[in-house]
Number of protein chains: 2
Amino acid sequence: MRARNLAVVLATIHRSGPHTRAALAERTGLTKTTVSSLVADLLEAGVVTESGAVRGGERGRPGVAVSLSGHRVAAMGLEINIDYLAACVVDLTRTVRLRRTRPADNRNSAPARILAELRDLVKETTAEAESAGLRVIGAALAVPGTVEGGVLRSAPHLGWRDVRVSGLVDVPFALDNEANLAALGELWFGSGANDFLYVSGEIGVGAGLVVEGDLFRGTFGLAGELGHVVVVPDGPDCRCGGRGCLEAYAGQDALLGELTSVRELVARLESGDPGAAQAVERAGHALGVALTSAVHLLDPGRIVLGGIFAPLFRWLAEPVSEELRARLGPMRGTPPALVVSGTGADAAVLGAAGLIIQRIIAEPAQLLGM
Amino acid sequence: MRARNLAVVLATIHRSGPHTRAALAERTGLTKTTVSSLVADLLEAGVVTESGAVRGGERGRPGVAVSLSGHRVAAMGLEINIDYLAACVVDLTRTVRLRRTRPADNRNSAPARILAELRDLVKETTAEAESAGLRVIGAALAVPGTVEGGVLRSAPHLGWRDVRVSGLVDVPFALDNEANLAALGELWFGSGANDFLYVSGEIGVGAGLVVEGDLFRGTFGLAGELGHVVVVPDGPDCRCGGRGCLEAYAGQDALLGELTSVRELVARLESGDPGAAQAVERAGHALGVALTSAVHLLDPGRIVLGGIFAPLFRWLAEPVSEELRARLGPMRGTPPALVVSGTGADAAVLGAAGLIIQRIIAEPAQLLGM
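This is a predicted model, so every value here is computed, not measured.

A. Structural detail: the sheet that holds strand β15 (residues 337–340) of chain A. All names here are of chain A. Strand order in the open sheet formed by 5 strands is β13-β12-β11-β14-β15, and the pairing between neighbours is mixed. This sheet does not close on itself; its edge strands, each paired only once, are β13 (214–216) and β15. With strand direction ignored, the average angle separating the axes of adjacent strands in the sheet is 30°. When strand β12 (residues 205–211) meets β13, the two strands line up antiparallel, connected through 3 bridges.

Here is the structure:
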């Protein structure tokens, strides 16, 4: 019961901003004595802080306001990408306090080696967070593959299968798919929209659907695999074992061809290179076809292009929109708006940290050992 | 508060079967006096009934059991299909009490004429229900098109656009997409599974995803349009305005060709007609490709083939499974099981009635005017 009441008080402050104790009592229906005792515990745990006087909810009497504290408790986001490892630390107010990225070549790698490198990055980042007075009380890791029951089932680009990640951190830990976490990153750190399909362009292509602020995960947590939507039934073989998947047309390898980086591709596009323009247009049309199927099945509020699709948005938007208009227009009227992500390459690692912040707010007693 | 408590008591009986008043008090945390008064109202409204003695929850003392009543309150399901109008009456225990079907030719029809015919069917069915002692207190209508905000936006096979259905019944009324309601029909009147993608084969092809017993509706209620998933990007024009949609390969028109009915197609298949076998095999492969995309995006627990796909299941199952195994197998291991619907052609009309039953259970005070 006390655990539940702690969560109720914290959720109220999180949702509606600073409150006096009296206003908290009024809003939650708890007695003032109970609220005072809960707030004392939350202060002690470093979850909330007292700040300047605000008008209380009761008879307009000013009082000391209790608000979320950004000073002591924090969450760590981690990411294993094909080309890099990343870490970030986010405080309870969802302010990003640290970001660290290490270039790496993780293709067809040995899990143990990469996880050891990631452990180093965790130690370094934790130490930095501590020197800023922050205590990391949970961490989540984004991986470019399917996750089921806390196990990385299949990450074809890493060449990993059935990898159980443990011993990375000594705080509560979550493992999740990169596109899922990137969608949550966009939700919490991006445009502020509550209903969208986040499309994650990376070596692979993934997606995460957010409906009314909640991530849709499907039955086994495997929903949103946009990269393996069939674009051409007898198209080229895909690394997943299927054929003609979107990834074969719009994944990073298909987009880059002989080039070595997205930056190089953008430079070519800016200089009007016809080969580069053709590759992106081809990817855009394939993405438009796959998104037509996705809109029919998932019914998203809007479509957000993220990851490597963000810097390519200028060139991708037209072919994608053309397909959506032509294929969806007659039936749906206006197709969902197509917009560029506000979070860029950091979406997944931010979403990972945000997931832990969400859990702390939802279950403070459990995560803080109160 | 009383409305909420009525719902809590009714939900308990609905979920866990007959209860004594004492057991209801124990389970719900309400006082025995409150429970007795609520049960009196529910008895009066005909929602529950008293039956033989069962063991109470308290000290094993036997008492009179209160259970859902199938005798007085009922819901009506309605359906406008291309070839027929249908109605059914379902009582509170989800027993089907009446089914009526009228053959019709509703292609490119005038909404007013069809709705007048449906109104006749409603009157006839209501009268029959009344003569069986049942009071119909709500109705829902399944339509083969997209529904937004209570308006039928687009039903291309009927040739209807932006039709507002009103004055059909003088009880609370809901309008919903055929595939959504068929999925709910399968949930409540079919196999008993809680996680599946119901695929509705009709003139059009639709789908409804059920996850943990809840229908996934997307952002605007338009999710599950499997029939317009793109199978071949430059395939034939589809009635929706798109190209190469599943419906162009696996809708009823594509399956039947020159034939006039599914029954005729089945007879040809049974007699080994090579043209019929080829049409169904082609449809099956297209369905397998579209379902591959659907599994990647929606992550269903299993796939249930319903509507006209049910009598064709014997011939469809192999080509569909072949595509799913080849395309999904390497990434997912075993693809979702492919099974035949247990509800046949009645799925949508049963789901429509079931939807109203669900609302009565969830909000008895509102629907019963208590």
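B. Looking closely at the relation of the copies chain A and chain B. For these two chains of identical sequence, chain A goes onto chain B by a turn of 180° and a shift of 0.0 Å along the axis, with RMSD 0.0 Å. Both copies are brought into coincidence by an operation consistent with a two-fold rotation axis. When each C-alpha of chain A is compared by its distance to the rotation axis, A:V232 comes out closest, at 3.0 Å.

C. Representation of unusual backbone geometry within the structure. The phi dihedral of A:E212 falls on the positive side, at around 50°, and the residue is not glycine. Following the sequence through the fold, A:E212 ends up in the loop between β12 and β13. Judged by relative accessible area, which is 68%, A:E212 ranks as exposed. One non-glycine residue, B:N108, adopts positive backbone phi at about 45°. For B:N108, the position within the fold is in the loop between β5 (96–103) and α4 (111–131).

D. Representation of the pattern of salt bridges in the model. Per the stated rule, a full pass over the model turns up 36 salt bridges over all chains. Close ionic contact of A:R332 with A:D299 constitutes a salt bridge, the shortest N to O distance being 3.1 Å. With A:R332 in helix α10 (residues 313–332) and A:D299 in the loop between α9 (274–298) and β14 (302–307), this pair connects stretches of sequence that are 33 residues apart. The same class applies to A:R332 as to A:D299, namely buried. In this structure, B:E148 engages B:R153 in a salt bridge whose closest nitrogen and oxygen atoms are separated by 3.8 Å. Residue classification places B:E148 among the partly exposed residues on the basis of a relative accessible area of 28%. Through salt bridges with shared partners, a single ionic network connects A:E148, A:R153 and A:D162.

E. Structural detail: the state of the cysteines. According to the stated counting rule, one finds 0 disulfides over all chains in the structure shown. Here B:C240 stays free of any disulfide, with the sulfur of B:C245 as its closest cysteine sulfur at 3.7 Å.

F. Layout of the interface of chain A and chain B. If you look at the interface, chain A gives 42 residues, while chain B gives 42 residues. Between chain A and chain B lies a buried interface of about 3,500 Å² when both sides are counted; carbon and sulfur atoms form 60% of it. On the chain A side of the contact with chain B, A:L297, A:R327 and A:M331 bury the most area, a combined 21% of that side's loss. If you look at where chain A meets chain B, you find 0 salt bridges. Viewed at the interface, chain B and chain A are joined by 26 residue pairs in polar contact (both at pLDDT 80 or more). Contributions of two or more residues to the side of chain A that touches chain B are made by β12, α9 and α10 of chain A. Among the elements that make up the side of chain A that touches chain B, the one with the highest residue count is α9(A) (7 residues). For the side of chain A that touches chain B, a count of residues per class yields 21 nonpolar, 13 polar and 8 charged.

G. How the structure looks around the environment of A:V8. As for its position among the elements, A:V8 is in helix α1 (residues 2–16). Remark: the alpha-carbon pair of A:V8 and A:P364, spanning 356 residues in sequence, is separated by 9.8 Å.

H. Looking closely at the UniProt feature "domain: HTH marR-type" (unreviewed entry) in chain A. Sequence positions flagged by UniProt for "domain: HTH marR-type" (unreviewed entry) are, in local numbering, residues 9–50 of chain A. Note that residues 9–50 of chain A is 69% helix and 7% strand, and that its end C-alpha atoms are spaced 14 Å apart.

I. Up close: the nonpolar core. Within the largest apolar cluster, 93 residues are counted, with the highest numbers of intra-cluster contacts made by A:L226 and B:L226. Not counting chain neighbours up to four residues away, the residues in contact with A:L226 comprise A:V199, A:V205, A:G206, A:A207, A:L246, A:L287, A:A290, A:L291, A:A294 and B:L297.

J. The pairing of strand β5 (residues 96–103) of chain A, seen in detail. Residues and elements named next belong to chain A. Bridge count for strand β4 (residues 84–91) against β5 is 7 bridges, and the pairing is antiparallel. Counted as the bridge partner of A86 is T101 from β5. Between β4 and β5, which pair antiparallel in sequence order, lie 4 residues; one of them, R94, sits at a positive phi of approximately 60°.

K. Spotlight on the domain arrangement of chain A. All names here are of chain A. Segmenting chain A into domains produces domain 1 (2–68), domain 2 (73–184 + 347–368) and domain 3 (191–342). The C-alpha centroid of domain 2 is placed 31 Å from the C-alpha centroid of domain 1. Across the contact, 10 residues belong to domain 1 and 11 residues belong to domain 2. Summed over both sides, the interface between domain 1 and domain 2 buries roughly 820 Å², with carbon and sulfur atoms accounting for 77% of that surface. For the pair domain 1 and domain 2, the number of links is 0 salt bridges. Scanning the region where domain 1 abuts domain 2 turns up 0 residue pairs in polar contact (both at pLDDT 80 or more).

L. Region of interest: helix α5 (residues 178–189) of chain B. All names here are of chain B. With 12 residues, α5 should reach 16 Å at 1.5 Å per residue; the first-to-last C-alpha distance of 15 Å fits that figure. Within α5, 12 of the 12 residues are buried, leaving the element largely enclosed by the surrounding structure. Among the residues of α5, E178, A179, N180, L181, A182, A183, L184, G185, E186, L187, W188 and F189 are the ones counted as buried. Taking the backbone nitrogen of A179 as reference, a side-chain oxygen 2.9 Å away marks N177 as the first, capping residue of α5.

M. Layout of the environment of A:L115. All names here are of chain A. Along the chain, L115 turns up in helix α4 (residues 111–131). Taking the C-alpha atoms as reference points, L115 and L168, separated by 53 residues in sequence, lie 7.5 Å from one another. If we ignore the near neighbours within four places in the chain, the residues touching L115 are I80, W160, V163, V165 and L168.

N. Up close: the packing of helix α1 (residues 2–16) of chain B against helix α11 (residues 347–362) of chain B. All names here are of chain B. Running from N to C, α1 and α11 cross one another at 125°; their axes reach a closest spacing of 8 Å. It follows that α1 is oblique to α11 by the angle criterion. Only I360, I361 and A362 of α11 make contact with α1, whose side of the interface consists of A7, L10, A11 and H14. Of the residues assigned to the contact of α1 with α11, the class counts are 6 nonpolar, 1 polar and no charged.

O. Just the pairing of strand β15 (residues 337–340) of chain B, in detail. Residue and element names in this part refer to chain B. Sheet analysis places strand β14 (residues 302–307) next to β15, joined by 4 bridges and oriented parallel. Within β15, the residue paired with L305 across the bridge is V340. Once the chain exits β14 it traverses helix α10 (residues 313–332) before rejoining the sheet at β15, and the crossover so formed is right-handed.

P. Region of the structure containing the sheet that holds strand β8 (residues 151–155) of chain B. Residues and elements named next belong to chain B. Judged by pairing direction, the sheet is antiparallel, and its 3 strands sit side by side in the order β7-β8-β9 without closing on themselves. Strands with a single pairing partner mark the edges of an open sheet, and in this sheet they are β7 (146–148) and β9 (160–164). Averaged over all pairs of adjacent strands, the angle between strand axes in this sheet comes to 20°, irrespective of strand direction.

Q. Molecular detail of the side chain of A:E323. All names here are of chain A. Relative to the helices and strands, E323 is located in helix α10. The exposure class assigned to E323 is buried, which follows from its relative accessible area of 14%. Side chain to side chain, E323 and H285 meet in a polar contact 2.8 Å long. Contacts of E323, omitting those with residues within four sequence positions, involve H285, G288, V289, T292 and L328.

What counts and what doesn't
Residues numbered from 1 in each chain as written. Chains lettered and ligands numbered in written order. Predicted model: local features only at pLDDT ≥ 70, side-chain atom pairs only at ≥ 80, totals over all residues. Heavy atoms only, no water. Pairing = 2+ DSSP bridges. Helix = DSSP H or I, 4+ residues; strand = E, 2+ residues; numbered from the N terminus. Axes fitted to C-alpha atoms, helices over the stretch in contact; angles between N-to-C directions. Least-squares fit on C-alpha atoms with pLDDT ≥ 70 in both. Buried < 20%, exposed > 50% of the residue type's maximum accessible area, 1.4 Å probe, protein only. Salt bridge = Lys/Arg side-chain N within 4 Å of Asp/Glu carboxyl O. Disulfide = S-S within 2.5 Å. Contact = heavy atoms within 4.5 Å. Buried area = accessible area lost by both parts, 1.4 Å probe. Polar contact = N/O pair within 3.5 Å; in protein donor to acceptor, adjacent residues only side chain to side chain. Nonpolar A, V, L, I, M, F, W, Y, C, P; charged D, E, K, R; others polar. UniProt positions renumbered as here; feature names shortened; annotations may be inferred. Core = buried A, V, L, I, M, F, W, Y, C linked by side-chain atoms within 4.5 Å. Domains from an automatic or database assignment. Expected span 1.5 Å × (residues − 1). Parallel < 35°, antiparallel > 145°, perpendicular 65-115°, else oblique. Right-handed = clockwise from strand over helix to strand, strands pointing away.

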